[in-house]
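Each chain, written out:
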Amino acid sequence: MLEVRGISVAYGALSAVRNLSMTVADGAIVSLIGSNGAGKTTTMKAIIGLKAVSSGEIYLDGERVEGVPASQRVGRGIALSPEGRRVFPQMSVLDNLLVGAYSQRDAAQQRKTLDQIYGYFPRLVERRSQMAGSLSGGEQQMVAIGRALMARPRLLLLDEPSLGLAPIIVDEIARIIVEINRDIGMSIILVEQNAKLALNLCNEAFVLETGAVALSGKGKELLASDYVRRAYLGI
Amino acid sequence: MSMDFILAQTVVNGLMVGMIYVLMAIGFTMVFGIMRIVNFAHGEFYMIGAFLFAILYGSNGMPFAVSVLLAIGATALLGLLMERVVFRRFRGNELNGMIASVGVALILQNSALLLWGSSARTVPPVVSGVLSVGGIVFPWSRLVVIIGAIVAVVSLNLLIGHTRIGRAMRAVAQDSEIAQVQGIRVDVIFPAAFVLGVSLAAFAGVLMAPVLSVSPFIGLAPTLKAFVIVVIGGLGSVPGAVVGGLLIGLIESFAGTFVSASLSEILQFLVVIGVVLLRPQGLLGRKEREA
Ligand SMILES: Nc1ncnc2c1ncn2[C@@H]1O[C@H](COP(=O)(O)OP(=O)(O)OP(=O)(O)O)[C@@H](O)[C@H]1O
Ligand SMILES: [Mg+2]
């Protein structure tokens, strides 16, 4: 699905990601964990095209996409639920979702996807005409994920979907991530500070430290690794 | 003249001028909302729309509908050119963008002066006669302006509120980075919004041309009014622009008829100062979101 080969990304003089490689198999959930400032969000931005890479390559279905602008990558099958949710605050929930379908012009298909999303997040049905900015954090997260799903991506990027949410909502979101992956076979990259959650959900995980991959492996293996337990699970 | 008559005319004049201000303010606030540019050249597009209509319809006797479409279309093209050459470089740079827009205003105004001279032109009325309601008469020439402006505002509202491109414009105004990852090309949305704003100004000019006389200097007042109205109504708020525009139009008309034009200016700015002091986000504006 996706192959990232040795990318580096910098903000001016500050290098945020260095020589990072990772692959995401079709239908896999891949987690990216690491502490604050490790470069997780920057990696997501490079994959979706919001941040240019200074070197390295990104292959989507075997085709290089580093030069493709962000607005066209969604048409290639990638969608992002960004860090901090970033819903359009002064637009209704429904309008937020419809903007997510901007690249999908088939109205019948749009309605079908919308129904699917309302199925995952029934709470959004009753909130559909409410301004997204006035929703609770958990509800905004549902809008952000729903908005990304409206593009019918084959690869979904989720940047800290659990950030600032109550444990019960985190569980709900986690359950839905698994469901989406299972039902549609959608590949997912999950960025999380909540390492336990991320490692439990994923097939494959990458641990990022100061912009580089420090460790990678199966989620279950990393959960058992002493290093990860000490550094990220606080055990 | 009876009091009823005077009152009715004052209301109609206030609504007419007010609706023109509404059109101007909506375009002005749209360009600001999306491009973050305070466009002090906005009224020059009104002036050019009015001039082109005066030339096509008034001097050359072209059919009304053709004149309207050509006047708006040509002004929109000029707007597109200005966006390409000037405004897109200042997108998001509020101070420099504002200064550049003053430059553009001077260039457009002086070009009009060179091309068309300084003398005022009048345009023959598009409609004549009066509407008589319970003994009070309203001139159709003014009602048409009000109706035309209402149609434009309603259409614009439908466009922004209920179409794919309208949603895209709102998305770009609220978070342009995230709009991009939805597949929205901001490099298309920016000029589209600018041209839409300019077209509204041109349409306002076309509507007013038969009621006012047209000269290269008529653009400044509507620019300042649009600015004032946007401050009163709330930056980026279309309902705010409607309320603010009608308020300013009616104040102007009533104070002008019953007291004096200078009192009207004083009153308007008192309203502005009052709003800025008591409700800085404008009557219908939202508070700046916390970062
Ligand atoms: N817009 C920016 N301008 C300058 N530096 C930035 C910018 N965004 C991120 N950085 C820097 O790049 C590095 C990586 O940041 P990034 O946001 O990718 O980290 P992260 O792993 O997502 O962290 P967090 O868990 O806190 O979200 C950090 O050192 C950060 O300070
Ligand atoms: Mg981050």
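In this text, all values refer to a predicted model and were calculated from it rather than measured experimentally.

In this section: the overall build of chain A. Looking only at helices and strands, chain A has 10 helices and 10 strands in total. A compact globule built from 235 residues would reach a C-alpha radius of gyration of about 18 Å, and chain A, at 17 Å, matches this within 12%. In terms of overall dimensions, chain A has C-alpha extents of about 45 × 40 × 35 Å along its principal axes. Excluding contacts between residues fewer than 6 apart, the proportion of contacts in chain A whose partners are at least 24 apart in sequence is 67%. Only carbon and sulfur atoms are counted for the fraction: they give 48% of the accessible area of chain A, which is about 9700 Å².

In this section: the pattern of salt bridges. Residues and elements named next belong to chain B. Evaluated as defined, the whole model comprises 19 salt bridges over all chains. R91 is the salt-bridge partner of E83, the closest N and O atoms lying 3.8 Å from each other. Classification of E83 by relative accessible area gives buried; the value is 0%. Across the pair E252 and K225 runs a salt bridge whose closest N-O atoms are separated by 2.9 Å.

Moving on to the environment of B:L95. With respect to the helices, strands and loops of the structure, B:L95 is situated in helix α4 (residues 94-116). Linking B:L95 and B:F227, residues 132 residues apart in sequence, is a C-alpha distance of 15 Å.

Further remarks concern the interface of chain A and chain B. Across the boundary between the two partners, chain A contributes 22 residues, which contact 19 residues of chain B. With both sides pooled, the region where chain A packs onto chain B buries about 2200 Å², and carbon together with sulfur makes up 56% of that total. Among the salt bridges present, the one from B:D175 reaches A:R86, with a minimum N-O distance of 2.7 Å. Where chain A meets chain B, there are five residue pairs in polar contact (both at pLDDT 80 or more). Broken down by secondary-structure element, the contributors of at least two residues to the side of chain A that touches chain B are α1 (40-48), α2 (70-73) and α3 (93-100) of chain A. Per element, the largest residue contribution to the side of chain A that touches chain B is four residues, and it comes from α3(A). Taken together, the residues that form the side of chain A that touches chain B break down as 12 nonpolar, five polar and five charged.

With that settled, consider the side chain of B:S253. By secondary structure assignment, the location of B:S253 is in helix α10 (residues 238-258). Here B:S253 is in contact with B:T10, B:N13 and B:G14, once residues within four sequence places are set aside.

Residue and element names in this part refer to chain A. With distances of 1.9 to 2.8 Å, the protein atoms coordinating the magnesium ion (ligand 2) are T41 (OG1), E83 (OE) and E83 (OE). Placement of T41 in helix α1 and of E83 in the loop between β6 (78-81) and α3 is noted, with a sequence separation of 42 residues between them. The exposure class assigned to E83 is partly exposed, which follows from its relative accessible area of 33%.

A few words now on the confidence of the model for chain B. Residues and elements named next belong to chain B. With 98% of its residues at a pLDDT of at least 70, chain B reaches an overall mean of 92. No element of chain B has a lower mean pLDDT than helix α11 (residues 261-278), which averages 86, and none a higher one than helix α3 (residues 64-85), which averages 97. On the interface metric, ipTM, the complex scores 0.93, and its pTM is 0.91.

Enumeration over the complete set of coordinates arrives at nine aromatic pairs over all chains. Note on B:F45 and B:F194: the rings are 6.3 Å apart at their centroids and 90 degrees apart in plane angle, and the pair reads as edge-to-face. Here B:F45, found in helix α2 (residues 42-59), pairs with B:F194, found in helix α8 (residues 186-208); they are 149 residues apart in sequence, far enough to count as distant. The same class applies to B:F45 and to B:F194, which are both buried. Ring pairing ties together the aromatic residues B:F28, B:F40 and B:F227, which thus form one cluster. Its end group placed over the ring of A:F88, A:R147 keeps NZ or CZ at 5.0 Å from the ring centre. Cation over ring: B:R164 sits above A:Y102, and NZ or CZ is 3.9 Å from the ring centre.

Time to look at the site of ligand 1. Residue and element names in this part refer to chain A. Around ligand 1 sit 14 residues, and of these K40, T41, T42, E83 and Q193 come closest. The separation between an oxygen atom of ligand 1 and a polar side-chain atom of N36 is 2.8 Å. The backbone of G37 places a nitrogen or oxygen atom 2.8 Å from an oxygen atom of ligand 1. Within the complex, the protein chains bury 62% of what would otherwise be the 630 Å² of accessible surface of ligand 1. Breaking the shell around ligand 1 down by element, the ones donating at least two residues are β2 (14-24) and α1. It is α1 that provides the largest number of residues to the shell around ligand 1, a total of three residues.

Residue and element names in this part refer to chain A. Strand order in this open sheet of four strands is β2-β1-β4-β5, and the pairing throughout is antiparallel. The open sheet has two edge strands, β2 and β5 (63-64), and neither has a second partner. In terms of strand pairing, strand β4 (residues 55-60) meets β5 through two bridges, oriented antiparallel. By the bridge assignment for β5, Y59 is matched with R64. Lying over the sheet, α1 contacts β1 (2-11), β2 and β4, oriented at roughly 115 degrees with respect to β1.

This part covers the packing of α2(B) against α3(B). All names here are of chain B. Where α2 contacts α3, the two axes come as close as 9 Å, and the packing angle between them is 145 degrees. With respect to the hand of their crossing, α2 and α3 are arranged in right-handed fashion. From α2, F45, I48, G49, L52, F53, L56 and Y57 reach across to α3, where they touch F64, S67, V68, L70, A71, A74, T75, L78, G79 and M82. Considered class by class, the residues forming the contact of α2 with α3 number 13 nonpolar, four polar and no charged.

Residue and element names in this part refer to chain A. For β1 and β4, the ladder comprises five bridges, and the chain directions are antiparallel. Of the residues in β4, the one forming a bridge with R5 is E57. Between β4 and β5, which pair antiparallel one after the other, the connecting turn spans two residues, and D61 there sits at a positive phi close to 50 degrees.

About the cut-offs
- Residues numbered from 1 in each chain as written.
- Chains lettered and ligands numbered in written order.
- Predicted model: local features only at pLDDT ≥ 70, side-chain atom pairs only at ≥ 80, totals over all residues.
- Heavy atoms only, no water.
- Helix = DSSP H or I, 4+ residues; strand = E, 2+ residues; numbered from the N terminus.
- Rg over C-alpha atoms; globule rule 2.2 N^0.38 Å.
- Contact = heavy atoms within 4.5 Å.
- Areas by Shrake-Rupley, 256 points an atom, 1.4 Å probe, with all protein chains shown as cover.
- Salt bridge = Lys/Arg side-chain N within 4 Å of Asp/Glu carboxyl O.
- Buried < 20%, exposed > 50% of the residue type's maximum accessible area, 1.4 Å probe, protein only.
- Buried area = accessible area lost by both parts, 1.4 Å probe.
- Polar contact = N/O pair within 3.5 Å; in protein donor to acceptor, adjacent residues only side chain to side chain.
- Nonpolar A, V, L, I, M, F, W, Y, C, P; charged D, E, K, R; others polar.
- Donors = N, O, S within 2.8 Å, 3.2 Å for Na, K, Ca; no water.
- pLDDT = per-residue confidence, 0-100.
- Phe/Tyr/Trp six-rings, centres within 6.5 Å; stacked < 30°, edge-to-face > 60°.
- Lys NZ or Arg CZ within 6 Å of the ring centre and 35° of its normal.
- Near = heavy atom within 4 Å.
- Pairing = 2+ DSSP bridges.
- Axes fitted to C-alpha atoms, helices over the stretch in contact; angles between N-to-C directions.
- Left-handed = near helix turned anticlockwise from the far one by under 90°.

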